[in-house]
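Secondary and tertiary structure notes
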Amino acid sequence: MLAPRVAPGGARHGRMIELRSPLQGTVVRVLVAPEASVAAGAEVVIVESMKMEHAVEAAEAGVVAELRVEVGANIAAGDVVAVLTKATAAPTEQPAEQPTAAEAAVSAERS
């Protein structure tokens, strides 16, 4: 299995990551759907070349923004097979501090 590459095998355009086929062949399986979340290293597309299967893997975690191939497609080395949007960490929201019973009592007395 060939290692995924971001450059030159894949290109970054801001938050977009292009996944490129490392070799010429025929797409035999598409393992993800648009809008699916994928982990770094996840297999996205399987390409058959010279009777061997090679996986195109996600170089980084992300969400499938676009699939540019379908099963049976003949592709050349370097063709973009999928585009991911880079995963971002969701902001963690801190819960509002709740006053202790004593603080609540003091606040009530002042009102």
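Starting afresh in each chain, residues are numbered from 1 along the sequence in its written order. It should be noted that, the model being predicted, local features are given only for residues of pLDDT at least 70 and side-chain atom pairs only at 80 or more, the latter also being counted only at that level, while totals for whole chains, interfaces and linings use all residues. Excluding hydrogens and water, the side-chain figures rest on all heavy atoms present in the structure.

Quick word on the overall build of the protein
- The numbering of helices and of strands both runs from the N terminus, where a helix is a DSSP run of H or I of at least 4 residues and a strand a run of E of at least 2. The number of helices and strands found in the protein is 1 helix and 9 strands.
- To sort residues, take the accessible area from a 1.4 Å probe on protein chains only and compare it with the maximum for the residue type: under 20% means buried, over 50% means exposed, and anything in between is partly exposed. A buried classification covers 28% of the 111 residues belonging to the protein.
- By definition, residues are in contact when any of their heavy atoms lie within 4.5 Å. Restricting the contact set of the protein to residue pairs at least 6 apart, pairs at least 24 apart contribute 58%.
- On the protein, roughly 7200 Å² of surface is accessible, and the fraction owed to carbon and sulfur atoms is 53%. To be clear on the numbers: accessible area is Shrake-Rupley with a 1.4 Å probe, and residue cover counts the displayed protein chains and nothing else.

Some points on the pattern of salt bridges
- Any Lys or Arg side-chain nitrogen located within 4 Å of an Asp or Glu carboxyl oxygen qualifies as a salt bridge. Within the structure shown, the criterion is met by 4 salt bridges.
- Linking Lys86 and Glu60 is a salt bridge whose minimum nitrogen-to-oxygen distance equals 3.7 Å. In this pair, Lys86 is assigned in strand E9 (residues 80-86) and Glu60 in the loop between strand E6 (52-57) and strand E7 (62-67), connecting sequence segments 26 residues apart.
- Owing to a relative accessible area of 35%, Lys86 belongs among the partly exposed residues under this scheme.
- For Glu60, a relative accessible area of 15% puts it in the buried group.
- Residue Arg68 is joined to Glu66 by a salt bridge in which the shortest nitrogen-to-oxygen separation is 2.9 Å.
- Accessibility expressed as a relative area gives 42% for Arg68, which makes it partly exposed.
- Note on Glu66: relative accessible area 35%, which makes it partly exposed.

Overview of the sheet that holds strand E8 (residues 74-75)
- Pairing is antiparallel in the open sheet, where 4 strands are placed in the order E6-E5-E3-E8. Sheet topology places E6 and E8 at the edges, where each strand pairs with a single neighbour.
- Only strands joined by at least two bridges in the DSSP assignment are considered to pair. For strand E3 (residues 25-30) and strand E5 (residues 43-49), the ladder comprises 4 bridges, and the chain directions are antiparallel. In the strand pairing of E5, Thr26 is matched with Glu48.

A look at the environment of Val56
- As for its placement among the helices and strands, Val56 is situated in strand E6.
- On a C-alpha basis, the gap between Val56 and Arg20 in space is 7.4 Å, while along the polypeptide they are 36 residues apart.

Examining the confidence of the model for the protein
- Put simply, the protein has an average pLDDT of 81, and 66% of its residues get 70 or more.
- The predictor attaches a confidence to each residue, and that confidence, scored 0 to 100, is pLDDT. Every residue in residues 1-10 is under pLDDT 50, and counting partners more than four places away or in other chains gives 23 contacts.
- Here residues 90-94 is a poorly scored stretch, pLDDT under 50, and it has 0 contacts once near neighbours within four places are set aside; other chains count.

Comments concerning the pairing of E6
- Bridge count for E5 against E6 is 6 bridges, and the pairing is antiparallel. Across the sheet, residue Ser49 finds its bridge partner in E6, namely Met52.
- Taking the residues between adjacent antiparallel strands as the criterion, E5 and E6 are bridged by 2 residues, where Met50 takes a positive phi near 55°.

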